[in-house]
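Working through the structure, step by step
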Amino acid sequence: MNTSDHSVQNRSAQPRLLLSAITIAVLTLANQASAQQSGEPAMTRVEVTGSSIKRLATEASLPVSTVKAEDFIKQGITTLADVMMSLPQSASLAPSNAGSGTNINLRGLGVNRTLVLLNGRRMANEAIADGYANLDVIPMSALSRVEILRDGASSIYGSDAIGGVVNFITKTSFEGLSLTGQEVQPEKNGGGDEQRASITWGKGNLERDGWSIYGTIDAHQRTRLAARDRADLSSADLLTSIGRPPTLGTGGNATPANFTTATNKTAQNPYAASGCLAPYSIVGQKGTCVLDANEYGTALYANQQVTFYARAAKKLSEDHVVSVDYSRGEEFILGTKNPTNALAVNGVSATLPSTSKWYPGKSGGVPAVAGLNNAPLILTWAVADLGLATTKDVQLNQRLSVMDEGTLAGWDYKAGLVVGISQRDNYYQSGYARGQGLLDGLKSGVLNPFGLQDAAGQAYLDTIKVDGAKNRTSKSTFTGVDLTASRPLMELEGGSMALALGADFHRDTTEDTKLPISADVTYASASPSHGEGARNVAALFAELNVPITKKLELNAAVRDDHFSDFGNTINPKISFRYEPTKQLMFRGSANTGFRAPTLFDRYGYRLPGATGLTSAKWDDPVLCPGGKPGVAGTGTALPGLVSSTVCNTTLPKQTGSNPELVPEKSKGFTLGTVFEPTKSSMVSIDYWNIKMTNMLANLPEQVYFLDPVKYASYFVRKSDGTINYIKNTTMNLGGQKAAGVDVSASYAFPHTAYGDFKVAIDGTYLTQFDNQLDNGSPYVSNIGQFGLASNGTTSSLPIITFRWKHTLKLNWAAGNWNTQLTQNYNSKYTDQNLVAQQYWRNINSYKVWNWTTTYNGFKNIQVTAGITNLFNVNPPVTNSSLYSFGYLSSAASPIGRAYNVRATYTF
């Protein structure tokens, strides 16, 4: 990763800190012919990244971190998810089980507070939550670089970029034909292997021919990595050592089924004494069977992406260029969970009558159980015959952009139109069945809940399966127009004072429908619903850049946004740059931010009851009392209740929109310095500070169970006292305070006969990350521990923020060879520790080395080979019940050492 803001050697290439946003750096055309005749380089004026005011190319530097396309290769990066996970400023979740794809979470402030741009303009968001972009649909083979602006809200693109801005910038042109193939093969057996192929073709040169056109197609896939492929990461011994033995459960849905009767609420199983039924179940507590998590668990979901990007540009005159680009990204994600459970329908539980041949002791051969006396059995059954319950999530994102830029009456102008459409459909791929059909099959005696089905039972299951049925469809759109114009006003001692004026208008829409079939498939825990919403945003903005002296420059910007549903908000920003010497520079900025609730948060589906189940297992604090708060499995069911339904079990919860939400606001500032100890070295230090009020988030599940008295009103109960649902919609919480120091340093060793050696480090040290759950309640630190606010609409997992995170690069280059060692490091962590106290522990620091070597000595061919996770480091172990397999899957990969080979042939 290259930090372009850190070069103080070029005195005029210092950060302007003009606006807290990123815009695509679009070159305007200078008179190169006359420059060549004079023998001098062209003085090309460009639009500085983050500003609307054009200036010389040598002045185009801002405090942004840049990851170039060639860095993808050097660091062993195969997906944009790898890019996001390696950024020190990012607290992104690894896309292990993310049905929404890859997203980015700068500063740990949430994916909805990170603005993602493609060539300086917005995309249509992921279709369900409609609050963030899915990076998987961005064409990786078209990228020139990725720029990450690290300081807060934007006066150009909107005030919602509280955490920062990430701009994916494509190549402006390409000539010829290029073919690339890539293979990633894990050292250990199982899944997780990756393949990538791309083809790029282009023709024309804007300067030479007055036009250019190119296109690229990129395809990538990853196979499913099952938990059993890495069984050592979640072995019984390991889980037991951290206080989460896999046999802790009692009863619950399993194959063979556990059962109770109307008079005996203690769960039993006819096969517990003989070891249950491998590999589907293992022996649990008190004579019951529990599902084997390693048999059914998924460490990494299977996914595929196919992306396309094309761009054409035409030079109408020396100072007038029109361009059009189109992108299309499609992704398929296969999500899995435990086999379908036979759940109650309309209050009627799954029941096996004594007339069934599969009743214990009857003709089906199921062992007899003493004391039954032909009483109907109330079952908790997972249908192993159906295999994993698998959904197919299909996302399609398209965007058309038309841009006109040039010079008119002394003004540099840029006008654009963007139309984006994001669609997302979800299917019951396999393993799901109609809930009433399962209950009817048990009642008729055709289905065997205590083992695999015979021919008749299997034939019946085939009639009630819903394989391939669509259950949800969603669509989001973004349509926007913008116009920006800038010009110098007057000459000052330090240069030209310049003004930029701009306006933009965009409309967002969202529509989300859960189809009627979701009511029939009870195991999916969903109900038919529909939500839709739209929002218009109109904005005016202005920027004034004042170079008071050659050493001191000031900048002021302001943006006025009008939201059709929330009215006006005005957000200013001021910044400065002071350069007392060529080797030393100081910089700083201050801004405000405003983020309206996403369309989903405000206008999405609303249902009166439960819409799903908790991610982890918990004890009902009323019906399974006496345990340690937040520690599942330590309570005791009240008399007459089935333990497996109220203790150490998933509980119904309600998600969805909240019409009472109001916008959140922020204030932020930065202060930093960049200096050069020597001509071949650089050090930068930037302090940043962000404060939010009315934070929009949903509470992590553990909050409810750590203090069930305080949050008793969120437990909505039925008349019989059982939980109807736990209210877990998005809410306006209290505040959040985040602060830290970004540190970057690089050094290029003197040239040697053995080649050139370079070392660089980029890191972030958190000094504060405090959450306030309610207005007026105390702030609680989140640094180095599981937080009390969640990552937003994509996950119920708590925020994870590391005290220190860095990327270290050691590079050697000689002739046609280039080798790089890259270390990604996260500091140690206090585990969630919702287990017995003797198992409380810390999570060790996590450091992974990647090694890549590139050779360019073959004609037209570039070959790269590398090793990811060079030292085969296992992901950190965690006792959090939110991580099913005992390791921190949101911040680390379970794949282990993998070999990476890539080849590019250019015609």
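Here the structure is a predicted model, which is why all the values come from computation and not from measurement. (Residues numbered from 1 in each chain as written. Predicted model: local features only at pLDDT ≥ 70, side-chain atom pairs only at ≥ 80, totals over all residues. Heavy atoms only, no water.)

The domain architecture assigned to the protein consists of domain 1 (64–226 + 301–336 + 392–430 + 469–596 + 663–694 + 734–906), domain 2 (248–292 + 341–382 + 433–464) and domain 3 (598–662 + 696–731). Relative placement of domain 1 and domain 2: their C-alpha centres are 48 Å apart. Contact residues are listed per partner, giving five residues for domain 1 and eight residues for domain 2. Between domain 1 and domain 2, roughly 530 Å² of surface is buried when both sides are summed, and carbon and sulfur atoms account for 52% of that area. When residues of domain 1 are sorted by the area they lose upon contact with domain 2, Asp520, Thr522 and Tyr523 head the list and together hold 79% of the total. (Domains from an automatic or database assignment. Contact = heavy atoms within 4.5 Å. Buried area = accessible area lost by both parts, 1.4 Å probe.)

Turning our eyes to something else, we now look at the sheet that holds strand S20 (residues 377–380). On the basis of which strands lie adjacent, the open sheet formed by three strands has the order S13-S20-S19 and antiparallel pairing. Of all the strands in the sheet, the pair left with one neighbour each is strand S13 (258–260) and strand S19 (351–352). Here S13 runs beside S20; their pairing, made up of three bridges, is antiparallel. Within S20, the position partnered with Thr260 by the bridge is Ile378. (Pairing = 2+ DSSP bridges. Helix = DSSP H or I, 4+ residues; strand = E, 2+ residues; numbered from the N terminus.)

In this section: a nonpolar patch on the surface. There is a patch of nonpolar side chains on the surface, built from Val324, Leu400, Val402, Leu417, Val419, Val481 and Phe505 and spanning about 480 Å² of accessible area. Breaking the nonpolar patch down by element, the ones donating at least two residues are strand S21 (389–408) and strand S22 (411–430). As for its placement among the helices and strands, Phe505 is situated in strand S24 (residues 495–514). Note on Phe505: relative accessible area 40%, which makes it partly exposed. (Patch = residues over 30% accessible without salt bridge, like charges linked within 9 Å, V, L, I, M, F, W, Y side chains within 5 Å. Areas by Shrake-Rupley, 256 points an atom, 1.4 Å probe, with all protein chains shown as cover. Salt bridge = Lys/Arg side-chain N within 4 Å of Asp/Glu carboxyl O. Buried < 20%, exposed > 50% of the residue type's maximum accessible area, 1.4 Å probe, protein only.)

Taken as a whole and judged by the stated rule, the model has two disulfides. The disulfide bridge from Cys276 ends at Cys289, spanning 2.0 Å between sulfur atoms. Between Cys276 and Cys289 the disulfide shows an S-S torsion of about -95°. By sign, it is left-handed. Pair noted here: Cys276 is in the loop between S13 and strand S14 (281–283) and Cys289 is in strand S15 (residues 289–291), with a separation of 13 residues, a long-range link. Its relative accessible area of 9% is what places Cys276 among the buried residues. Assessed through its relative accessible area of 0%, Cys289 is described here as buried. Paired by a disulfide, Cys624 and Cys647 hold their sulfur atoms 2.0 Å apart. (Disulfide = S-S within 2.5 Å.)

So, about the confidence of the model for the protein. Per-residue confidence for the protein gives a mean pLDDT of 87; residues scoring 70 or more make up 91%. Considering each helix and strand of the protein separately, the mean pLDDT is smallest for helix H1 (residues 32–38), with a value of 33, and largest for helix H7 (residues 435–444), with 98. Across residues 1–43 the pLDDT falls below 50, and counting only partners more than four positions away or on other chains, this stretch makes 171 contacts in the model. Contacts of residues 56–61 to residues separated by more than four positions or lying in other chains number 23 contacts, the stretch itself having pLDDT below 50. (pLDDT = per-residue confidence, 0-100.)

Take the nonpolar core next. With 36 residues, the main nonpolar core has Leu699 and Tyr704 as its most contacted residues. Two domains each donate at least three residues to this core, and these are domain 1 (64–226 + 301–336 + 392–430 + 469–596 + 663–694 + 734–906) and domain 3 (598–662 + 696–731). Residues in contact with Tyr704, not counting those within four places in the same chain, are Leu699, Tyr711, Tyr714, Phe715, Ile726, Lys727, Asn728 and Met731. In terms of nonpolar packing, the next biggest core, distinct from the first, is built from 24 residues, Phe259, Ala350, Trp358 and Leu439 among them. (Core = buried A, V, L, I, M, F, W, Y, C linked by side-chain atoms within 4.5 Å.)

Following the sequence through the fold, Glu701 ends up in helix H12 (residues 701–706). The exposure class of Glu701 is buried, given its relative accessible area of 2%. Between the C-alpha atom of Glu701 and that of Leu882, which follows or precedes it by 181 residues, the distance is 9.1 Å. At 3.2 Å, the side chain of Glu701 and the backbone nitrogen of Ala616 are in polar contact. At 3.1 Å, the side chain of Glu701 forms a polar contact with the side chain of Lys653. (Polar contact = N/O pair within 3.5 Å; in protein donor to acceptor, adjacent residues only side chain to side chain.)

For the rest of this paragraph, the subject is the packing of aromatic side chains. As enumerated under the stated definition, the model contains 20 aromatic pairs in all. Plain terms: the ring middles of Tyr214 and Tyr309 are 6.0 Å apart, the flat faces sit at 50° to each other, and that makes the pair tilted. Of this pair, Tyr214 sits in strand S11 (residues 211–222) while Tyr309 sits in strand S17 (residues 302–317); the two residues are 95 residues apart in sequence, bridging distant segments of the chain. Grouping residues by exposure puts Tyr214 and Tyr309 together as buried. A network of ring pairs unites the aromatic residues Trp618, Tyr704, Phe705, Tyr711, Tyr714 and Phe715 as a single cluster. Over the aromatic face of Trp688 sits the side chain of Arg107, whose NZ or CZ is 4.0 Å from the ring centroid. The ring of Tyr523 is capped by Lys337, whose NZ or CZ atom sits 4.3 Å from the centre of that ring. (Phe/Tyr/Trp six-rings, centres within 6.5 Å; stacked < 30°, edge-to-face > 60°. Lys NZ or Arg CZ within 6 Å of the ring centre and 35° of its normal.)

Read from one edge of the open sheet, four strands run S29-S30-S35-S34, paired in mixed fashion. Bordering the open sheet on either side are strand S29 (612–613) and strand S34 (715–717), each of which pairs with just one other strand. Bridge analysis of S29 against strand S30 (residues 652–654) gives two bridges, and the strand direction is antiparallel. Following the sheet pairing, Gly612 is matched in S30 by Lys653.

Next up on the list: the pairing of strand S48 (residues 898–906). Alignment of strand S9 (residues 176–186) against S48, held across nine bridges, turns out to be antiparallel. The partner of Leu179 across the bridge, within S48, is Tyr905. Inspection of the sheet shows strand S47 (residues 861–868) paired to S48 by eight bridges, in the antiparallel sense. By the bridge assignment for S48, Thr868 is matched with Ala898.

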